[in-house]
Amino acid sequence: MRSLGGQTTRKEIRREIREHSDKISEQIVDEQRMSKKSGFMYHPFLYRFNFAIKHLIAAEFINTEDNRNLELSEKGRSVDLDQFDASRDVRAISESDFIVEKESSDKTHLHEDDEESWRGELLKALSKMHPQKFELFSRGLLTKMGVDIDESVGVQYISDGGLDGFGYITSDDFRTTRVALQAKRWDRKVSSPEIDKLRGAMDKYNAEYGIFITTSDFTREAMRVTKSGTRIGLLR
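Residue numbers restart at each chain and count upward from 1, following the sequence in its written direction. Note on the predicted model: pLDDT of at least 70 is required for a residue's local features to be given, and 80 or more for side-chain atom pairs to be given and counted; whole-chain, interface and lining totals, by contrast, use all residues. Excluded from the side-chain calculations are hydrogens and water; all other atoms, namely the structure's heavy atoms, are used.

**Topic: the overall build of the protein**
Secondary structure elements are defined from DSSP: runs of H or I of at least 4 residues count as helices, runs of E of at least 2 residues count as strands, and each element is numbered from the N terminus. Check the secondary structure of the protein and you find 9 helices and 10 strands. Throughout, exposure labels follow a simple rule: accessible area from a 1.4 Å probe, protein chains only, divided by the maximum for the residue type, with under 20% read as buried, over 50% as exposed, and the rest as partly exposed. Looking at the protein as a whole, 39% of its 236 residues are labelled buried. In short, Shrake-Rupley with a 1.4 Å probe defines the accessible areas, and a residue's cover is counted only from the protein chains shown. Total accessible area on the protein stands at roughly 14400 Å², and carbon and sulfur atoms take up 51% of it.

**Focus: the pairing of strand 7 (residues 165–170)**
For two strands to count as paired, DSSP must find a minimum of two bridges between them. Sheet topology places strand 6 (residues 148–149) next to strand 7; 2 bridges connect them, and they run antiparallel. Following the sheet pairing, aspartate 148 is matched in strand 7 by tyrosine 168. Summarising the sheet, strand 7 and strand 8 (residues 176–184) pair through 6 bridges and their orientation is antiparallel. Bridge assignment links tyrosine 168 to a residue of strand 8, and that residue is arginine 178.

**Comments concerning the pattern of salt bridges**
For this document, the term salt bridge refers to a Lys or Arg side-chain nitrogen within 4 Å of an Asp or Glu carboxyl oxygen. Per the counting criterion, the structure on display carries 14 salt bridges. One salt bridge connects glutamate 12 with arginine 15, and the closest N-O pair in it is separated by 3.2 Å. With a gap of 3 residues between them, glutamate 12 and arginine 15 both fall in helix 1 (residues 10–20), about one helical turn apart. Arginine 18 serves as the salt-bridge partner of aspartate 30, at 2.7 Å between the closest nitrogen and oxygen. Highlighted residues: aspartate 30 in helix 2 (residues 26–30) and arginine 18 in helix 1, separated in sequence by 12 residues. You'll find aspartate 30 and arginine 18 in the same group, each marked buried. Salt bridges linked by common partners bring Arg18, Glu26, Asp30, Lys189 and Asp217 together as one network.

**Some thoughts on unusual backbone geometry**
Not every positive phi belongs to a glycine, and glutamate 60 is a case in point at roughly 70°. Within the secondary structure, glutamate 60 is located in the loop between helix 3 (44–58) and strand 4 (62–64). Positive phi values are uncommon outside glycine, yet asparagine 67 reaches one of about 70°. In this fold, asparagine 67 is placed in the loop between strand 4 and strand 5 (69–72). Judged by its relative accessible area of 23%, asparagine 67 falls in the partly exposed class.

**Here we look at the sheet that holds strand 8**
What links the strands of a sheet is backbone hydrogen bonding, and the strands pair in either a parallel or an antiparallel sense. Spatially, the 5 strands line up as an open sheet ordered 6-7-8-9-10, and their pairing is mixed. Looking along the sheet, the strands with just one partner apiece sit at the ends: strand 6 and strand 10 (231–235). Alignment of strand 9 (residues 209–214) against strand 10, held across 5 bridges, turns out to be parallel. Bridge assignment links isoleucine 213 to a residue of strand 10, and that residue is leucine 235. Only heavy atoms enter the contact rule, under which two residues are in contact if any of them lie within 4.5 Å. A fitted line through C-alpha atoms serves as each axis, taken over the contacting stretch for helices, and the angle formed by two N-to-C directions is quoted from 0 to 180°. On top of the sheet, helix 7 (residues 131–144) reaches strand 6, strand 7, strand 8, strand 9 and strand 10; it is set at about 150° to strand 8, its chief contact.

**A word on the sheet that holds strand 1 (residues 7–9)**
With antiparallel pairing, the 3 strands of this open sheet are ordered in space as 1-5-4. The outermost strands of the open sheet, each flanked by one partner alone, are strand 1 and strand 4. Strand after strand, the sheet turns through a mean of 35° between neighbouring axes, direction not considered. In this structure, strand 4 lies alongside strand 5, joined through 3 bridges in antiparallel fashion. In the sheet register, asparagine 63 faces strand 5, and the bridge partner there is glutamate 71. Seen against the sheet, helix 1 touches strand 1 and strand 5 and runs at an angle of roughly 90° to strand 1. Helix-sheet contacts for helix 3 involve strand 4 and strand 5, and the interaxial angle to strand 4 is about 95°.

**What about the packing of helix 3 against helix 5 (residues 86–94)?**
Put simply, helix 3 and helix 5 touch, their axes get as near as 8 Å, and they point 80° apart. The angle between helix 3 and helix 5 falls in the class roughly perpendicular. Residues Phe51, His55, Leu56 and Ala58 of helix 3 form the contact with helix 5, whose participating residues are Val90, Arg91, Ile93 and Ser94. By the definition adopted for this analysis, an angle is roughly parallel if under 35 degrees, roughly antiparallel if over 145, roughly perpendicular if from 65 to 115, and oblique otherwise.

Written as structure tokens, this is what we have:
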């Protein structure tokens, strides 16, 4: 949280851990298991992460009003991380509050279960799509984002220059930006060479911005390379 300015969201913290942590691997963050209760896939890390946040809030290292937007307290900002001990500095203080907080905790977990189930259902539906239909779906998503699609590029399946879509978006100051789309209905993670391929196709069409959409995920290296050179947004 310090590296993010001390005030951020749970989502941003998870993203920071996944992309940059040298203590928690992306394999741990991305691990999925099937719920015996619902039959949907879920991420064990998400529950461990939220449990840790609850302890830090209870021990007054983090302040929050809505349980989503988080801010380091004065105690959290000044703690010496080299001397920090979770059992001594957090659990010894927070666990006594957890009996009182159990009902609120259960409600939060129910919400997270619903969110994971909804995401699981959506991914299951998308993964069953034919690759060509997924490309069309992705182009429709770009249209909803305000991109004026050029129908002459993409979804031709032969000699389309490596793009699954291309279009233009006009900003408030009437500046037009060329946008390139790559869509992969994959189970495996998208690696950095795939990002390089998109960047090469963008150069061919002089695109200033790229969007890569996948049903799977991106490796840390893929995320890293998108931050240098041509701007590329990742959607999963």
